[in-house]
Amino acid sequence: MPKCIIDGKEVEFTPGQNLIEVARTAGVEIPYFCYHPGMSVVAQCRMCAVEVEKMPKLQTACSMAPTDGMVVKTKSEKTLKNQKAVMEFLLVNHPLDCPVCDQSGECDLQDHSFKHGDAYMRTTEDRRTYIDLDMGPVIQKNMNRCIHCTRCIRFGDEIAGIHEMVAVKRGNNTEITTIDGKQLQTQYAGNYADICPTGSLTIKDFRFKKRVWFLKKTPTVCEGCSRGCNIELHQDADVIYRTVPRTNMEVNKYWICDEGRFNYQYVHDADRVITPAVRTGGTLEMSIWKEAVTAARETLKGKKVAVLVGSDLTQEEGKLLLDFSSKQWAGSQAFHFGTPGITSAAQDTPEDKILRRTSKTSNLQGLEKLGYKGFTSLPHGVEAVVVFRGGRAVVPEVKGIPVVGVGVFNRKDTENYAAVLPGQSFAEKDGTVVNFEGREQKIKRAIRAPRECKGLSEVLMMWSNL
Amino acid sequence: MSETTLYIQHFNEESRPLDYYLSKMNGYVAAKKALSMQQDDIINEVKKSNLRGRGGAGFPTGMKWGFIPKQSTKPKYLVCNADESEPGTFKDRDIMRYTPHLLIEGMVIGGYAIGSSIGYIYIRGEYTREAKLLQAAIDEAYAKGYLGKNILGSGFNFDLTVHRGAGAYICGEETALLNSLEGKRGEPRVKPPFPAQSGAFAGPTIVNNVETLADVPFIINQGGEWFAKLGKLEKSGGTRLISISGHVKKPGVYELPAGGATIRQLIYDYCGGILNDRKLKAVIPGGSSAPVLTADEIDVIYDIEPLMKIGTMMGSAAIMVVSEDYCVVKLIKRITKFYAHESCGQCTPCREGCKWMEDILHRIEDGHGRDQDLTMLLDIADNINGKTLCALGDAAAGPVTSFVKKFRADFEAHIRGGKCPSA
């Protein structure tokens, strides 16, 4: 393998890698703003310029492919002076409103400023200001903070496949905005905020809710569709504040869609059924576990039962239910459900050219592997239904016969239910899901479930033993 | 002043029609000759001629043509850079205005030499009249079979299109020009790849200045060696069209052999001296982006290498002369304002730095300068110079550095006295 020398260290590299990536393998960090490994290289921010022997000018590491024997100096006087200079230039017009900026704490500009910038500022000029337009429900824009890295423009053009972000005007007045000031159209808008190296584009949903340094991060998998994008859930005190993508080059690369990003919201929905509940008279009333389990059992007793299992449940839960239902309700049939119109993995197709799939649950493929059949209609003679649900699967309409729900439900889902035994959402349990390609991935517990919401195995234990 | 000149004798309204070009200027004889030659022989002839790009960088044209990959299956393009956006430059305008067929013939030959059948002339948006004249000449050439299919029975096809710019200085930079030509934002591209590998519409592309291409028919007609000998210095062949403006008695376009005179001769012999016989204060020798020269530095041969040796450049061969009653601080402020205005805004040092320098210079000129401003200006200019994606950063920083260093007293007078000493 060819080798180059970075800061005196000999580093092997694969031809085609750029200097930033090669240096990273050697543990040398070259700072940058505009570069992003998932998008084209524009060499605009000039922060990554380094000294290369035999070249008179500094070379941008993002656009430089090392050659065998190349000698690179990332800590030379010339390199460091340029880094200081770029930091100073970027801050000439930056508002420095870090105290009220959501990006603060995870801001490239802030971090690089701390590491490579100067505490002293020479500029006394008035700062450039812009008037911001509304960019739609996902993204909050603050152009004053923008450093013109154009990552957002490239994300739209190259990843989201929609040319909606553009640069208008010129030079010092350049403004990054949407075409004709329209709202963002893409279903991947949240990524604009993720890749923005400053607080210029932030997520409206997360705005002013939490300082990022208080967030605890759990690596897990999105349950929004059958792709299973890798994500991190960010929480503090058992409250999820946001979802961010986690890089997995084989599944979702660096991105997630907005549906997956905001899917977590149902976990904290005020209408989520978080205590055992029993229908008394016409309404679903709060109850205690012993009574609710008894009521649920009574509802199904001696009847021909259909078991509906949401394809938003994990493999572990699926297997458990398969065994449990055949013993508990002799002669019952178990079906999986999840997305209206999709009853088998063969019907699960790409929804766009990027990530989204038409099956809107995480474990369709897995439940099918366990032997579940897709639900189409209730078999003849079924007298009662028990529904197990993770929180996302769309429950088929059942009319005229009693229904018991186990898992995560919203109050409005349970209008005709005889009893509800509250369970845990994907953020509150561990488990395995199988994505559309058959890839097994782990979901991890990020927060503790509300006190009365119990894991499936515990619920089934009570069902058998109470 | 009796040297051979190629252009200047034809710079009048009568020489524009095709008839004049055919009868008085050996019109399209070179094209006929070239189309019967081997492509490599043409490139070799141009290499021998020591023709160097007339747009500013002075890169040897023959060598540039040689960079086109022969085996490429993509369409190749020949693009004429007629943006002529460097302040002080107006020589290409005269070529397009008076001898447009020279340019067309040069492009036919150049297109044939690099294997391109599509040519574009990217003309400065403000040159409305020239764009019309050029289009009329192209129509004439099409009508007579000098452009289009099977030119002069050779089997070679070449189509030529005039594309008007929209008024951006940066579109004179070749990759920004190509972006603009493709309908994108006029922003320079990251190099490499250079246009010869991947230029217009991702095909191999050569971008040449108007004068460079117009020189080509002379080279083919009379030979590369003859052309090389026109130049007085070793490395530069041919004649140079020089735009002289500012405080001289006879501003205008002059032609002289490359390296044929000093700046002093140009100002005092060719242009008749300084306006109102005042004293000379400064000379900007190569368009507004060239570092300035003082009155003591003008005994320098006006060509690429001698100017480079004294730390400035010939650029697009545009001399701007400044007399002693004009304020140099105001001048550099105006120049910097131009570059701040024309910065495309994509890379950091240029976008932020040019405007910052403008603000500081504005402050100094207004009499609100501070003692540390000059040191700061030099440092900001140094932080821009050589650190940007294209040469616009250098173009903005070089003049500021040279003005502050060479006319420091004038700046200090503004800062300390709070007003202009030359007013």
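Since this is a predicted model, take the numbers as computed values, not measurements.

## Here we look at the overall build of chain B
Okay, so step 1: Regarding its fold elements, chain B presents 17 helices and nine strands.
Okay, so step 2: For chain B, whose C-alpha radius of gyration is 22 Å, the value lies close to the compact-globule estimate of 22 Å for 423 residues.
Okay, so step 3: Along the first, second and third principal axes, the C-alpha set of chain B runs to 75 × 45 × 35 Å.
Okay, so step 4: Per-residue burial over chain B gives 61% buried out of 423 residues.
Okay, so step 5: In chain B, the share of contacts with a sequence separation of at least 24, taken over all contacts with a separation of at least 6, comes to 70%.
Okay, so step 6: Of the accessible surface of chain B, which amounts to about 15,800 Å², a share of 51% is contributed by carbon and sulfur atoms.
Okay, so step 7: Positive and negative side-chain charges of chain B, numbering 50 and 49 respectively, have mean locations separated by a distance of 1 Å.

## Observations regarding the environment of A:Thr243
All names here are of chain A.
Okay, so step 1: Assignment of secondary structure puts Thr243 in strand E12 (residues 239-245).
Okay, so step 2: The exposure class assigned to Thr243 is buried, which follows from its relative accessible area of 3%.
Okay, so step 3: Counting along the chain gives 62 residues from Thr243 to Gly181, while the straight-line C-alpha distance between them is 27 Å.
Okay, so step 4: If we ignore the near neighbours within four places in the chain, the residues touching Thr243 are Ile231, Glu232, Leu233, Ile256, Gly260, Arg261 and Tyr264.
Okay, so step 5: At a separation of 3.0 Å, a polar atom in the side chain of Thr243 contacts the main-chain carbonyl oxygen of Arg261.

## A closer look at helix H7 (residues 289-300) of chain A
Residues and elements named next belong to chain A.
Okay, so step 1: Taking 1.5 Å of rise per residue, the twelve residues of H7 would be expected to cover 16 Å, and the 17 Å separating its terminal C-alpha atoms lies within 8% of that figure.
Okay, so step 2: Looking at the buried side of H7, the elements it contacts are strand E13 (277-280), strand E15 (305-310), strand E18 (384-389), strand E19 (403-407), strand E20 (417-422) and helix H10 (456-465).
Okay, so step 3: In the stretch just after H7, Gly302 is the one whose phi turns positive, near 75°.

## Things to note about the nonpolar core
Okay, so step 1: Formed by 81 residues in total, the largest nonpolar core has its most connected members in A:Ile6, B:Leu377, B:Phe403 and B:Phe411.
Okay, so step 2: For this core, the element with the highest residue contribution is helix H13 (residues 328-342) of chain B, accounting for eight residues.
Okay, so step 3: Here B:Leu377 is in contact with B:Met357, B:Ile360, B:Leu361, B:Ile364, B:Val400 and B:Val404, once residues within four sequence places are set aside.
Okay, so step 4: One finds B:Ala34, B:Ile43, B:Val162 and B:Phe218 within the second-largest nonpolar core, a separate group that totals 62 residues.

## Thoughts on the packing of helix H14 (residues 348-365) of chain B against helix H15 (residues 373-384) of chain B
Residue and element names in this part refer to chain B.
Okay, so step 1: Running from amino to carboxyl end, H14 crosses H15 at an angle of 160°, the nearest separation of the two axes being 10 Å. What the angle tells us is that H14 and H15 run roughly antiparallel. Helix-helix and strand crossings are classified by hand; for H14 and H15 the assignment is left-handed. Contact residues: H14 offers Pro349, Gly353, Cys354, Trp356, Met357, Ile360, Leu361, Arg363 and Ile364, while H15 offers Asp373, Leu374, Met376, Leu377, Ile380, Ala381, Asn383 and Ile384.
Okay, so step 2: Its residues placed into classes, the contact of H14 with H15 shows 13 nonpolar, two polar and two charged.

## Notes on the packing of aromatic side chains
Okay, so step 1: Overall, the coordinates contain 26 aromatic pairs over all chains when judged by the stated rule.
Okay, so step 2: When the centroid spacing of 6.3 Å and the interplanar angle of 85° are considered together, the rings of A:Phe89 and B:Trp356 count as edge-to-face. Residue A:Phe89 is found in helix H2 (residues 77-92), and its partner B:Trp356 is found in helix H14; the two belong to separate chains. The same class applies to A:Phe89 as to B:Trp356, namely buried.
Okay, so step 3: Between the aromatic rings of A:Phe409 and A:Tyr417, the centroid separation amounts to 5.5 Å while the plane-to-plane angle is 75°, which identifies the pairing as edge-to-face.

## Observations concerning the domain arrangement of chain A
By a widespread convention, an interface's size corresponds to the accessible area lost as its parts come together.
Residues and elements named next belong to chain A.
Okay, so step 1: Split into domains, chain A comes out as domain 1 (3-91), domain 2 (124-266) and domain 3 (277-465).
Okay, so step 2: Inter-centroid distance (C-alpha atoms) of domain 2 to domain 3 is 33 Å.
Okay, so step 3: Across the contact, 34 residues belong to domain 2 and 31 residues belong to domain 3.
Okay, so step 4: Between domain 2 and domain 3 the total buried area reaches about 2,800 Å² when both faces are included, carbon and sulfur atoms providing 54% of it.
Okay, so step 5: Of all residues in domain 2, the largest losses of buried area upon contact with domain 3 belong to Glu223, Ser226 and Arg227, amounting jointly to 24% of the total for that side.
Okay, so step 6: Here domain 2 is connected to domain 3 by five salt bridges.
Okay, so step 7: Lys360 is the salt-bridge partner of Glu259, the closest N and O atoms lying 3.4 Å from each other.

## A word on the interface of chain A and chain B
Okay, so step 1: Counting from both sides, the interface comprises 32 residues of chain A and, opposite them, 34 residues of chain B.
Okay, so step 2: Surface buried jointly by chain A and chain B totals about 2,700 Å² across both partners, of which 49% is contributed by carbon and sulfur atoms.
Okay, so step 3: Along the contact surface separating chain A from chain B lie seven salt bridges.
Okay, so step 4: As a salt-bridge pair, A:Lys57 and B:Asp394 come within 3.6 Å of each other at their nearest N and O atoms.
Okay, so step 5: Our count for the chain A to chain B interface comes out at 23 residue pairs in polar contact (both at pLDDT 80 or more).
Okay, so step 6: Within the residue set of the side of chain A that touches chain B, elements represented by two or more residues are H2 and strand E7 (165-168) of chain A.
Okay, so step 7: Here the element with the most residues in the side of chain A that touches chain B is H2(A); it accounts for eight residues.
Okay, so step 8: Looking at side-chain class alone, the side of chain A that touches chain B contains 13 nonpolar, ten polar and nine charged residues.

## Remarks on helix H3 (residues 39-48) of chain B
Residues and elements named next belong to chain B.
Okay, so step 1: Among the residues of H3, those classed as buried are Ile42, Ile43, Glu45 and Val46. Within H3, the buried residues cover an arc of 155° as seen down the axis, which keeps them to one side.
Okay, so step 2: Close packing links the buried residues of H3 with helix H2 (29-35), helix H4 (61-66), helix H6 (100-114), helix H9 (210-222) and helix H10 (224-230).
Okay, so step 3: Taken from the residues just after H3, Asn50 is the one with a positive phi, measuring 55°.

## Examining the side chain of A:Glu125
Okay, so step 1: With respect to the element layout, A:Glu125 can be found in the loop between helix H3 (108-116) and strand E6 (139-141).
Okay, so step 2: Once residues lying within four places of it in the same chain are set aside, the contact partners of A:Glu125 are B:Trp356, B:Asp359, B:Ile360 and B:Arg363.

## Describing the pattern of salt bridges
Okay, so step 1: Applying the stated criterion across every chain, the model contains 65 salt bridges over all chains.
Okay, so step 2: Two residues, A:Asp7 and A:Lys75, come together in a salt bridge whose shortest N-O distance is 3.8 Å. Taken together, the residues A:Asp7 in the loop between strand E1 (3-6) and strand E2 (9-12) and A:Lys75 in the loop between strand E5 (71-73) and H2 connect sequence positions 68 residues apart.
Okay, so step 3: A single network of salt bridges, built from pairs that share partners, joins A:Lys81, A:Glu88, A:Arg122, B:Asp379 and B:Asp382.

## Some remarks on the pairing of strand E7 (residues 280-284) of chain B
Residues and elements named next belong to chain B.
Okay, so step 1: Burial runs high along E7: five of the five residues are buried.
Okay, so step 2: Here E7 runs beside strand E9 (residues 318-323); their pairing, made up of four bridges, is antiparallel. Residue Leu280 lies in a different strand from E9, and its bridge partner there is Ser323.

## Focus on the side chain of A:Gln315
Okay, so step 1: When you line up the elements, A:Gln315 lands in helix H8 (residues 315-328).
Okay, so step 2: With residues near it in sequence (within four places) discarded, A:Gln315 still touches A:Asn363, A:Gly366, A:Leu367, A:Leu370, A:Thr432 and A:Val434.

Definitions and cut-offs
- Counting of residues starts from 1 at the beginning of each chain's written sequence and follows it residue by residue.
- The order in which chains are written sets their letters, starting at A; the order in which ligands are written sets their numbers, starting at 1.
- The predicted origin of the model limits local features to residues at a pLDDT of at least 70 and limits the giving and counting of side-chain atom pairs to 80 or more, whereas totals for whole chains, interfaces and linings rest on all residues.
- As a rule here, side-chain values cover all heavy atoms of the structure and leave hydrogens and water aside.
- Strands here are runs of E lasting at least two residues and helices are runs of H or I lasting at least four, both read from the DSSP assignment and numbered beginning at the N terminus.
- Here the globule rule reads 2.2 Å times residues to the power 0.38, and the radius of gyration is calculated from C-alpha atoms.
- Between buried and exposed lies partly exposed: a residue is buried under 20% and exposed over 50% of the maximum accessible area for its type, with that area taken using a 1.4 Å probe on protein chains only.
- Contacts between residues were defined by any pair of non-hydrogen atoms, one from each residue, lying within 4.5 Å.
- Here the accessible surface of atoms and residues is derived via Shrake-Rupley with a 1.4 Å probe, and residues count as covered only by protein chains that are part of the display.
- Here Asp and Glu are counted as negative and Lys and Arg as positive; His is not counted, and neither are the chain ends.
- Charge coordinates come from a single atom per side chain, which is NZ of Lys, CZ of Arg, CG of Asp or CD of Glu.
- What qualifies as a polar contact is a pair of N or O atoms within 3.5 Å, subject to a donor-acceptor requirement within protein and to the restriction that residues adjacent in sequence count only when both atoms come from side chains.
- Between the first and last residue of a helix there are one fewer steps than residues, each counted as 1.5 Å, and that sum is the expected span.
- Remark: nonpolar core denotes a set of buried residues (Ala, Val, Leu, Ile, Met, Phe, Trp, Tyr, Cys) joined through side-chain atoms within 4.5 Å.
- Think of each axis as a best-fit line through the C-alpha atoms, taken over the contacting stretch in the case of a helix, with angles from 0 to 180 degrees between the N-to-C directions.
- Here the word oblique covers every angle except those under 35 degrees (roughly parallel), over 145 (roughly antiparallel) and from 65 to 115 (roughly perpendicular).
- Two helices cross in a left-handed way if the nearer one is turned anticlockwise from the farther one by less than a right angle. They cross in a right-handed way if the turn is clockwise.
- Polar here means any residue other than Ala, Val, Leu, Ile, Met, Phe, Trp, Tyr, Cys and Pro, which are nonpolar, and Asp, Glu, Lys and Arg, which are charged; Gly is therefore polar.
- Classification of ring pairs uses Phe, Tyr and Trp, with its six-membered ring standing for Trp, and accepts pairs whose centres are within 6.5 Å; under 30 degrees between planes counts as stacked, over 60 as edge-to-face, and the remaining range as tilted.
- Note that domain bounds follow an automatic or database assignment of domains.
- When two parts are put together, the accessible area they lose, computed with a 1.4 Å probe and summed over both, is reported as buried area.
- The rule for a salt bridge is simple: a side-chain nitrogen of Lys or Arg has to be within 4 Å of a carboxyl oxygen of Asp or Glu.
- Each direction from the helix axis to a C-beta atom contributes to the arc, which is the arc of those directions.
- The pairing criterion for strands is at least two bridges between them, as found by DSSP.

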